[in-house]
Amino acid sequence: MRFISVIFYFISCSYASTGENKPIQAFVIPHSHMDVGWVYTIQESMHAYAANVYTSVTEELSKVKHRKFIAVEQEFFRLWWDNVASDSHKKQVRQLVKEGRLEFILGGQVMHDEAVTDLDDEILQMTEGHGFLYDTFGVRPQFSWHVDPFGASATTPVLFALAGFNAHIISRIDYDLKDRMQQNKKLQFMWRGSSSLKEQIFTHTMDQFSYCTPSHLPFSNSSGFYWNGVVLFPDPPKDGVYPNMSLPVTKATVQAYAKTMVENIKQRAAWFKTKHVLWPWGCDKQFYNSSVQFSNMDPLMNYINQKSEEFGVTVQYATLSEYFLAVHQSDLVWEVRGSQDFLPYSTASQQAWTGFYASRNVLKGVARRASSQLHAAETLFTRYRLDYPDGPVAKDWALAKLRALRWAVSEVQHHDGITGTESPRVAEMYLQHLKQAMMGVDELLAAIFLLPHNLDVDGNNYRRTKGAHQTLEQHIIVYNPLAWNITTLVNITVTFPFARVFDDARQAVPAQIQKSALSNRTYDLFILVELGGLQHRKYLIKFSDKPCSKRSKCGDTFEAKGVPFERRSVRNRKKTARRLLPVLSETYKLMFDQDTNLLHSITYLQDKKRIRMTQDFWEYHANGDVQTGPISDNYMFSANGSAVRAYEAVQMEIIPGIVMSEIRQYFFRNESDDDYAFSVVTRVPRCFGGKVGCHRLEQTYSLGPLPINTEVIFRTSSSLKSERSLYTDDNGYQMMKRTHTEFTNNTLARNYFPMVRTAYIEDELSRLVLLSERAHGVSSQTSGQLEVMLHRRLWNNLPWNLGYNLTLNDSSVVRPTLWMMLGSKGLTSKLYQRAALELQHTPVVMVIDQPCEEEEKGFLEKEPRGSSPSRVLVLPPNLHLLSLSIPGWNYSSHHDVHLGRVHSDKHRQPEPNYDRVLLRIMHIFEEGEDPELSKPVTIHLKDVLQAVGEVSAVEERSLTGTWDVASMQRWTWKTTEDVSSRNVRSSRIEKEPFSVTISPKQIRTFFVYFKSGPRLP
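Just so you know, these numbers come straight off a predicted model, no measurement behind them.

Engineer: Explain the overall build of the protein chain to me, please; I cannot follow it from the model alone.
Structural biologist: A count of helices and strands for the protein chain gives 20 helices and 46 strands. Scaling as 2.2 N^0.38, a compact globule of 1017 residues should have a C-alpha radius of gyration of about 31 Å, and the protein chain matches this with 30 Å. Expressed as lengths along the three principal axes of its C-alpha atoms, the size of the protein chain is roughly 100 × 70 × 60 Å. Counting every position in the protein chain, which comprises 1017 residues, the buried fraction comes to 64%. For the protein chain, restricting intrachain contacts to residue pairs at least 6 apart in sequence, the fraction spanning at least 24 positions comes to 76%. Accessible area of the protein chain: about 37,800 Å², with a carbon and sulfur share of 49%. Side-chain charges in the protein chain split into 114 positive and 110 negative, and the spacing between the mean points of these groups amounts to 2 Å.

This is how it looks when you write it as structure tokens:
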């Protein structure tokens, strides 16, 4: 952008020297921290203050040329832009953006959490915000402002670098670590977030004042530098007078204000290497009355600058780009931080913010299911548009459904959203938005599957099933959203005890039916499905309420019967392991102890290695009285002692089968209870010639409602000599080694870590892996042990928590799923990354009504018998199709052309672009993780995508799509390490047309155009 080059010249001439005789240069950066949720709903926040922020900031910046402001999250801005802003406001905003006085930083829909968010969703919410900004204003954020997430992931700097950012800001890191970094002037560094990819970004850590100005004024009881006071809910005051408004700047107060501000600037300057100080002016919910803010700060800054020689400080309104340009121009040499993250996060010795890893388990699960559904729908709609551009599924209607779910999934990634740290009504808001959008995408999927692709064909014969009623025949469509061939089991809940299943070639399909684990009135029908990459197939289920008289009539469906075992008390556990019962698959032999009804050991048969292992439920009892000790709440985990066993007796049922065997264990809090408190259902799949993922054990848990101030864990104790070290993933992108650390206080809670997709422990020979479909907290408190916090229900009397209703009195029942893998380190290294994605993106199953009788044959034989019902797209086993979608943004791929359109007098809403396909491919292995799978992979995009259509052109783009990578020139910084040998990300298609090489952990993003569409815009 032109204005940046002007700023760069100004700063290079004015502030290049950092000599002692130069005054400290304070960059006063006006901002408002606007939580997309937390205590108040988005609608409440828009009404009370958020809309007023943008209205008043726009008006006040337009009045005085030297005023500036940074806008961070896009959700509130987009709501204001679409629903509140007048044409005059929009014209002013465009001018302010063009002048560089209103700067969009970060630019995602939200400031996403970094501990419990998944890579897919972080990229999604950034792409949504960046696409809007570039489409509307022609700007591309180049700096982050991640000042409030509770800890900092090493994945985030990688993603920001891939998006084209030049610098990154964090704030919330361990209190004791921040103190050491301040004292040693190491708050700024180059962060190389991935040891494989080696992308790096200049990172600035906020000092102890974080993103706010000093709240205490020695000469006043009011807030410091917040002349507009504290926001009021639900309605703004009619007279404009808010509580706690700071004293106005007058002749009587200006000197005291100046003294306070200068002292704070100098205090901060002492913690950094340069004489440039980032002085954030703002805090939570500020600038809703920008007039009173600027009318007080203007004379204060003038006063300081008039006395700059006396104070040794100059001040100026600034954007973040101006501050970082000054630091960059200082030409210093910076230390390099490797791929370590800043998790977990503590604010004091007894305040470990590790509880939110497991807070609001239901919300975490729904958010991930919504994300998975969105991924499936995006790929399906993309293929549909390319195959049937004039088909009956209206493109505008379809894109609206997808955009609604993109918005809802992006929104909940907020750092007080998916974390579970919000108030109950905000949690309900997130759930409502997600479920409504998911219902809309369900309608889209049904339309794509069921409407005829040719308008001359009658599509009324096929309808989605609604309600629980079932006829004696049922049809389902199963879709594989992954770009790999899979063979797996899908589970359909049915009301008949007997069934046969046929595929689209009218061949009998292996299946198993048994009484449901959740209800005595229903049955679980497990169907073995084989699907190519991005392929859907149709299956016919024929039911009966009578058993088959002959095996031939049952087809390949096995009627599995359970074997119950009487309830066993665990009070006296001296007599154990006398009667061991095996459950076998081709991969594992599980031994269950009939004296306890608990798991005893697992042998992985390939290496004939037996590992002693038990699994059961334990719980931590939390303190709810702040007068008696540390508390647990939405955010923090502070155990009131070690975990205790959460049950007295266990009941078991084993259901042997030919498709899979199932072990159901029921845990009773008291030995005499009628109802169980917890359950775990373990499924042991059969291999079927090695096609099924039989290296995993699938476990689903049920627990809740919990007693108040209870935090329940599922603990796996094994004979592995792991020495209390474990590995957990950073956002599903890379694994982090977590070495157990002893602290003076709160050692247990400070050794809890976030698990987004994966956690494992290992010794020299073996590895135990857990995979998850939602985030949890995990820890290894003793060698060979891995515990997962599944659910929390808390109450405390801390006034702050009570006032905002943040006590986490969560009375829900939760049913999370984990997959477990056990084997050699070499074997599990090959499998766990792909298995985690298979759990994340399980097949989509759509149940539809029975066709008319005379058309049943047509349902199964629309394609020639034995043919593939849809073309398959298959990537190599170490590459993952991260995105295949039609974003809809209409900006030109050529930046100058797009800027010409944006800056023209015609600012009409552009029509969506349906011919540009966004493609992302990711290498899922770490460098050196596997001898073969960790190698770079070269693919030919035209060949790989032939199942989608005939590729005519490909452009490589930045992660969020707004940069042509050939023109994306990120700043270089001097470092203490030689970076000449580091991996350099390819910025273009390789010399051979359409040939692309993808290295370990690399994510490459493309715009793809197909011959069915028009030429490049």
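Engineer: Quick question: what am I supposed to make of the confidence of the model for the protein chain here?
Structural biologist: When pLDDT is low, close inspection of the predicted coordinates is not appropriate. The predicted model of the protein chain averages 91 in pLDDT, with 91% of residues at 70 or higher. This model gives residues 861–868 a pLDDT under 50, and the stretch forms 10 contacts once residues within four places in sequence are excluded. Low pLDDT (under 50) marks residues 1013–1017, which in the prediction has 10 contacts with non-local residues, meaning those over four places away or in another chain.

Engineer: Sorry if this is basic, but what is going on with the sheet that holds strand β19 (residues 557–559) here?
Structural biologist: Within a sheet, neighbouring strands are paired by backbone hydrogen bonds and run either parallel or antiparallel to one another. Strand order across the open sheet formed by 4 strands is β14-β17-β16-β19, with mixed pairing between neighbours. One side of each edge strand has no neighbouring strand; the edge strands of this open sheet are β14 (486–494) and β19. Shown here is a sheet whose adjacent strand axes are inclined to one another by a mean of 25°, direction ignored. In this sheet, strand β17 (residues 523–531) lies alongside strand β16 (residues 511–515) in antiparallel orientation, the contact comprising 5 bridges. What sits directly across from Ala511, in β17, is Ile527.

Engineer: Help me understand the packing of helix α5 (residues 119–137) against helix α6 (residues 155–162) in this model?
Structural biologist: In helix packing, the relevant descriptors are the interaxial angle and the interaxial distance, both defined with respect to the helix axes. For the pair α5 and α6, interaxial distance at closest approach is 11 Å and the crossing angle is 40°. Classified by the angle between their axes, α5 and α6 sit oblique to one another. Note on packing geometry: the crossing formed by α5 with α6 is right-handed. The residues of α6 that touch α5, namely those facing Leu119, Glu122, Ile123 and Met126, are Thr155, Leu159 and Phe160.

Engineer: In this structure, what is going on with helix α2 (residues 42–63)? I would like to understand it.
Structural biologist: Residues separated by three or four positions in an α-helix point in the same direction, a consequence of the helix having 3.6 residues per turn. For α2, which comprises 22 residues, the first-to-last C-alpha distance of 29 Å matches the rise-based estimate of 32 Å (1.5 Å per residue) to within 8%. In the structure, α2 departs most strongly from a straight axis at Ala48, where the bend amounts to approximately 50°.

Engineer: Is there a simple way to think about the side chain of Asp118 in this case?
Structural biologist: By the secondary structure assignment, Asp118 is in the loop between β3 (102–104) and α5. On the basis of relative accessible area, Asp118 is assigned to the buried category, the value being 1%. Within polar-contact distance, the side chain of Asp118 engages the backbone nitrogen of Asp120 at 3.0 Å. In terms of polar contacts, Asp118 uses its side chain to reach the side chain of Gln840, at 3.2 Å. Apart from the residues lying within four places of it in its own chain, the contact partners of Asp118 are Arg368, Asn731, Gly732, Val756, Arg757 and Gln840.

Engineer: What exactly am I supposed to notice about the pattern of salt bridges here?
Structural biologist: In a structure, side chains of opposite charge can pair up when their charged atoms sit close to one another. Scanning the model with the defined rule gives 50 salt bridges in all. In this structure, Arg871 engages Asp387 in a salt bridge whose closest nitrogen and oxygen atoms are separated by 2.8 Å. Of this pair, Arg871 sits in the loop between α18 (856–860) and β40 (879–885) while Asp387 is found in helix α12 (residues 361–387), placing the two residues 484 residues apart along the sequence. In this structure, Arg686 engages Glu586 in a salt bridge whose closest nitrogen and oxygen atoms are separated by 3.4 Å. Remark: Glu586 occurs in the loop between β21 (580–584) and β22 (588–593) and Arg686 occurs in the loop between β28 (678–685) and β29 (697–703); sequence separation between them is 100 residues.

Engineer: Whenever I open this one, the sheet that holds strand β15 (residues 498–502) confuses me. Can you help?
Structural biologist: Across the sheet, which stays open at both edges, the 4 strands sit in the order β15-β18-β13-β39 with antiparallel pairing between neighbours. The open sheet has two edge strands with one neighbour each: β15 and β39 (844–848). Going from strand to strand, the sheet's axes swing by 25° on average, the running direction of each strand aside. Taken together, the 5 bridges between strand β13 (residues 473–479) and β39 define a ladder with antiparallel strand orientation. What sits directly across from Ile477, in β39, is Met846. Here helix α14 (residues 424–450) sits on the sheet and contacts β13, β18 (536–544) and β39; the angle it forms with β39, its principal contact strand, is near 70°.

Engineer: I keep staring at the packing of helix α3 (residues 75–83) against helix α4 (residues 87–99) and nothing clicks. Help me out?
Structural biologist: Axis separation between α3 and α4 bottoms out at 9 Å; the angle between their running directions is 135°. The pairing of α3 with α4 is recorded here as oblique in orientation. Here Phe77, Trp80 and Trp81 of α3 come into contact with α4, specifically with His89, Lys90, Val93 and Arg94. The residue makeup of the contact of α3 with α4, split by class, is 4 nonpolar, 1 polar and 2 charged.

Engineer: Would you explain a nonpolar patch on the surface in this entry?
Structural biologist: A contiguous nonpolar patch, built from Ile708, Trp795 and Leu802 and spanning about 270 Å² of accessible area, is present on the exposed surface. Secondary-structure assignment places Ile708 in the loop between β29 and β30 (710–718).

Engineer: What am I meant to see in the pairing of β40 here?
Structural biologist: If a strand is regular, its side chains alternate between the two faces of the sheet. Extensive coverage of β40 is indicated by the burial of 7 of its 7 residues. Relative to strand β41 (residues 917–923), β40 is paired through 6 bridges, and the arrangement is antiparallel. Bridge pairing in β41 places Leu884 opposite Leu919.

Engineer: What exactly am I supposed to notice about the packing of aromatic side chains here?
Structural biologist: Working definition: an aromatic ring pair is given by the centre-to-centre distance plus the angle between the planes. On inspection of all chains with the given rule, the structure shows 67 aromatic pairs. An aromatic cluster of three or more residues is present, and its members are Phe69, Phe219, Phe225, Trp227, Tyr257, Trp279, Trp281, Phe287, Phe294 and Tyr317. Looking at Arg403, its charged tip hangs above the ring of Trp889, at a distance of 5.4 Å from the centre.

Engineer: I keep staring at the pairing of strand β31 (residues 726–730) and nothing clicks. Help me out?
Structural biologist: The element β31 is extensively covered by neighbouring structure, given that 5 of its 5 residues are classed as buried. Two strands pair when backbone bridges link them, and β31 and strand β32 (residues 734–738) are joined in this way by 5 bridges, in the antiparallel orientation. Bridge pairing links Thr728 to Met736 in β32. Hairpin connection of β31 to β32: 3 residues between the antiparallel strands, including Asn731 at a positive phi of 60°.

Engineer: In this structure, what is going on with unusual backbone geometry? I would like to understand it.
Structural biologist: Trans is the prevailing form of peptide bonds, just as negative phi is the prevailing case for residues other than glycine. Omega for the peptide link from Phe233 to Pro234 comes to 0°, which places this bond in the cis form. Residue placement: Pro234 occurs in the loop between β6 (200–205) and α8 (254–269). A positive phi angle is found at Leu106, which is not glycine, with a value near 65°. Its location among the elements puts Leu106 in the loop between β3 and α5. In this model, Lys608 sits at a positive phi of 50°, which is unusual for a non-glycine residue. Following the sequence through the fold, Lys608 ends up in the loop between β23 (598–604) and β24 (609–621).

Engineer: Sorry, what's going on with the state of the cysteines here?
Structural biologist: Disulfides are covalent bonds that connect the sulfur atoms of two cysteines. If you walk through the whole model with that rule in mind, you get 2 disulfides. Two residues, Cys212 and Cys283, share a disulfide whose sulfurs are 1.9 Å apart. Judged by the torsion about the S-S bond (60°), the Cys212/Cys283 disulfide is right-handed. Of this pair, Cys212 sits in the loop between β6 and α8 while Cys283 sits in the loop between β7 (276–281) and α9 (290–306), and the two are 71 residues apart along the sequence. Of the two residues, Cys212 and Cys283, both sit in the buried class.

Engineer: I keep staring at the side chain of Ser56 and nothing clicks. Help me out?
Structural biologist: Relative to the assigned elements, Ser56 resides in helix α2. The residues contacting Ser56, other than those within four sequence positions of it, are Phe287, Tyr288, Asn289 and Ser290.

Engineer: I keep staring at the environment of Pro510 and nothing clicks. Help me out?
Structural biologist: Relative to the assigned elements, Pro510 resides in the loop between β15 and β16. Each C-alpha atom of the pair Pro510 and Asn184 lies 65 Å from the other, and the pair is 326 residues apart in sequence. When neighbours within four sequence positions are excluded, Pro510 is seen to be in contact with Phe526, Ile527, Leu528, Asp556, Val659 and Phe688.

Engineer: Would you mind going over the environment of Gln125 with me for this structure?
Structural biologist: Relative to the assigned elements, Gln125 resides in helix α5. We classify Gln125 as buried; its relative accessible area is 1%. Expressed as a C-alpha distance, the spacing of Gln125 and Trp407, which sit 282 residues apart in the sequence, is 7.8 Å. Beyond its immediate chain neighbours, meaning those up to four positions away, Gln125 contacts Gly108, Gln109, Val110, His112 and Ser410. Side chain to side chain, Gln125 and His112 meet in a polar contact 2.9 Å long.

Here is what the cut-offs are and how they apply
Residues numbered from 1 in each chain as written. Predicted model: local features only at pLDDT ≥ 70, side-chain atom pairs only at ≥ 80, totals over all residues. Heavy atoms only, no water. Helix = DSSP H or I, 4+ residues; strand = E, 2+ residues; numbered from the N terminus. Rg over C-alpha atoms; globule rule 2.2 N^0.38 Å. Buried < 20%, exposed > 50% of the residue type's maximum accessible area, 1.4 Å probe, protein only. Contact = heavy atoms within 4.5 Å. Areas by Shrake-Rupley, 256 points an atom, 1.4 Å probe, with all protein chains shown as cover. Lys, Arg positive; Asp, Glu negative; His and termini not counted. Charge placed at Lys NZ, Arg CZ, Asp CG, Glu CD. pLDDT = per-residue confidence, 0-100. Pairing = 2+ DSSP bridges. Axes fitted to C-alpha atoms, helices over the stretch in contact; angles between N-to-C directions. Parallel < 35°, antiparallel > 145°, perpendicular 65-115°, else oblique. Left-handed = near helix turned anticlockwise from the far one by under 90°. Expected span 1.5 Å × (residues − 1). Bend = angle between axes of the 7 residues up to and from the residue. Polar contact = N/O pair within 3.5 Å; in protein donor to acceptor, adjacent residues only side chain to side chain. Salt bridge = Lys/Arg side-chain N within 4 Å of Asp/Glu carboxyl O. Nonpolar A, V, L, I, M, F, W, Y, C, P; charged D, E, K, R; others polar. Patch = residues over 30% accessible without salt bridge, like charges linked within 9 Å, V, L, I, M, F, W, Y side chains within 5 Å. Phe/Tyr/Trp six-rings, centres within 6.5 Å; stacked < 30°, edge-to-face > 60°. Lys NZ or Arg CZ within 6 Å of the ring centre and 35° of its normal. Disulfide = S-S within 2.5 Å.

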